[in-house]
Amino acid sequence: MRSIVVVDYDPAWPAVFEQLRARLRPALSDPAWRIEHVGSTSVPGLAAKPVIDLSVVVPAANALPPVIERLAGLDYIHLGELGVEGREAFRCTADLPAHNLYACPQGSLGLVNQLAVRDYLRAHAETAQAYAALKRRLAEQFPHDIDSYVDGKTDLLLDILTRAGIDAGRLAAIERANRKPAGGATR
């Protein structure tokens, strides 16, 4: 199991995102599709795990099958939703910079969550710094327990999403996806 490591913001992260997006763009050239830089590496100044998160955004769920097929041709294995409604995850088998790739329909819970957190943290530096400090503490406390690390961030993330205007139903679904399973079971 890899250790959870949170590092200072790296100003090269946006360029790494652009490199990964440039590799994906020819296969995902539909003008209705876009590729977003999400996650902590997309927030200038925010400490993060050094892994770029990208989301391919499609207009509707019926556009996901061609995305899944095209990504397979670029050495991506489709992993499914992995417990997050409206967010298809992929693992890359090619030798590329560390990254997580997702595909999400516009307006889906998985995408709304990613964009709301990103945009809120970009606009609120004090909250971003509190989030960075929390992530560092959790990485030290749970260096080999991703469920506890994610669970430990949940209250702050739910607060951010509430302030960003996410409705109660979506908040409950996000909480269910992020809370550590009862009884120590793994996700």
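Here goes a summary of the coordinates provided.

### Concerning the overall build of the protein
Thought 1: What the protein contains, in helices and strands, is six helices and five strands.
Thought 2: When the elements of the protein are put in sequence order from the N terminus, they spell out α-β-β-α-β-β-β-α-α-α-α.
Thought 3: Its C-alpha atoms give the protein a radius of gyration of 16 Å, within 12% of the compact-globule value 16 Å for 187 residues.
Thought 4: By principal-axis analysis of the C-alpha atoms, the protein measures approximately 40 × 35 × 35 Å.

### Observations regarding the pairing of strand S2 (residues 52-58)
Thought 1: Of all seven residues in S2, seven are buried; the element is thus mostly enclosed.
Thought 2: Taking every second residue as pointing to the same face, both faces of S2 are buried, with Ile52, Leu54, Val56 and Val58 on one and Asp53, Ser55 and Val57 on the other.
Thought 3: Both strand S1 (residues 34-38) and S2 contribute to a ladder of five bridges, which runs antiparallel. Its bridge partner being in S2, His37 is matched across the sheet by Leu54.
Thought 4: With seven bridges connecting them, S2 and strand S5 (residues 99-105) associate as parallel partners. Considered in S5, the bridge of Val57 is made with Cys104.

### Concerning the pattern of salt bridges
Oppositely charged side chains can pair when the atoms bearing their charge come close.
Thought 1: All told, the structure shown has 10 salt bridges when counted by the stated rule.
Thought 2: Taking the shortest distance from any N to any O, the salt bridge between Arg21 and Glu18 comes out at 2.6 Å. Residue Arg21 and its partner Glu18 are located together in helix H1 (residues 13-24), separated by three residues, close to a single helical turn.
Thought 3: Note on Arg21: relative accessible area 26%, which makes it partly exposed.
Thought 4: Of the charged contacts in the structure, one is a salt bridge between Glu175 and Arg179, with a shortest N-O distance of 3.0 Å.

### Focus on the packing of helix H5 (residues 146-163) against helix H6 (residues 168-178)
Thought 1: One way to put it is that H5 packs onto H6 with a least axis distance of 9 Å and a crossing angle of 165°. Compared by their axis directions, H5 and H6 come out roughly antiparallel. In this structure, H5 crosses over H6, and the sense of that crossing is right-handed. Residues Val150, Asp151, Thr154, Leu158, Leu161 and Thr162 of H5 pack against Leu171, Ile174, Glu175 and Asn178 of H6.
Thought 2: Of the residues in the contact of H5 with H6, the class split is five nonpolar, three polar and two charged.

### Considering unusual backbone geometry
In terms of backbone geometry, most residues other than glycine have negative phi values and most peptide bonds are trans.
Thought 1: A positive phi angle, close to 75°, is found at Asp75, a residue other than glycine.
Thought 2: Position of Asp75 among the secondary structure elements: in the loop between helix H2 (64-72) and strand S3 (76-80).
Thought 3: When its relative accessible area of 37% is taken as the criterion, Asp75 is described as partly exposed.

### A look at the sheet that holds strand S4 (residues 88-92)
Within a sheet, adjacent strands bond to each other through the backbone by hydrogen bonds, running parallel or antiparallel.
Thought 1: Read from one edge to the other, the open sheet built from five strands follows the order S1-S2-S5-S4-S3, with strand pairing classed as mixed. This sheet does not close on itself; its edge strands, each paired only once, are S1 and S3. Adjacent strand axes in the sheet meet at a mean angle of 30°, parallel and antiparallel pairs treated alike.
Thought 2: The sheet contact formed by S3 and S4 spans four bridges and is antiparallel. Counted as the bridge partner of His78 is Phe90 from S4.
Thought 3: With respect to the sheet, H2 is in contact with S2, S3, S4 and S5, its orientation differing from that of S5 by roughly 155°.
Thought 4: Its contacts with the sheet put helix H3 (residues 109-123) on S1, S2 and S5, and the angle it makes with S1 is roughly 55°.

### Re the packing of aromatic side chains
Thought 1: Going through the model one piece at a time under the given rule, you end up with one aromatic pair.
Thought 2: Ring geometry for Tyr9 against Trp13: centres 5.3 Å apart, planes inclined by 85°, an arrangement best described as edge-to-face.
Thought 3: Its relative accessible area of 22% is what places Tyr9 among the partly exposed residues.

What counts and what doesn't
Residues numbered from 1 in each chain as written. Predicted model: local features only at pLDDT ≥ 70, side-chain atom pairs only at ≥ 80, totals over all residues. Heavy atoms only, no water. Helix = DSSP H or I, 4+ residues; strand = E, 2+ residues; numbered from the N terminus. Rg over C-alpha atoms; globule rule 2.2 N^0.38 Å. Buried < 20%, exposed > 50% of the residue type's maximum accessible area, 1.4 Å probe, protein only. Pairing = 2+ DSSP bridges. Salt bridge = Lys/Arg side-chain N within 4 Å of Asp/Glu carboxyl O. Axes fitted to C-alpha atoms, helices over the stretch in contact; angles between N-to-C directions. Parallel < 35°, antiparallel > 145°, perpendicular 65-115°, else oblique. Left-handed = near helix turned anticlockwise from the far one by under 90°. Contact = heavy atoms within 4.5 Å. Nonpolar A, V, L, I, M, F, W, Y, C, P; charged D, E, K, R; others polar. Phe/Tyr/Trp six-rings, centres within 6.5 Å; stacked < 30°, edge-to-face > 60°.

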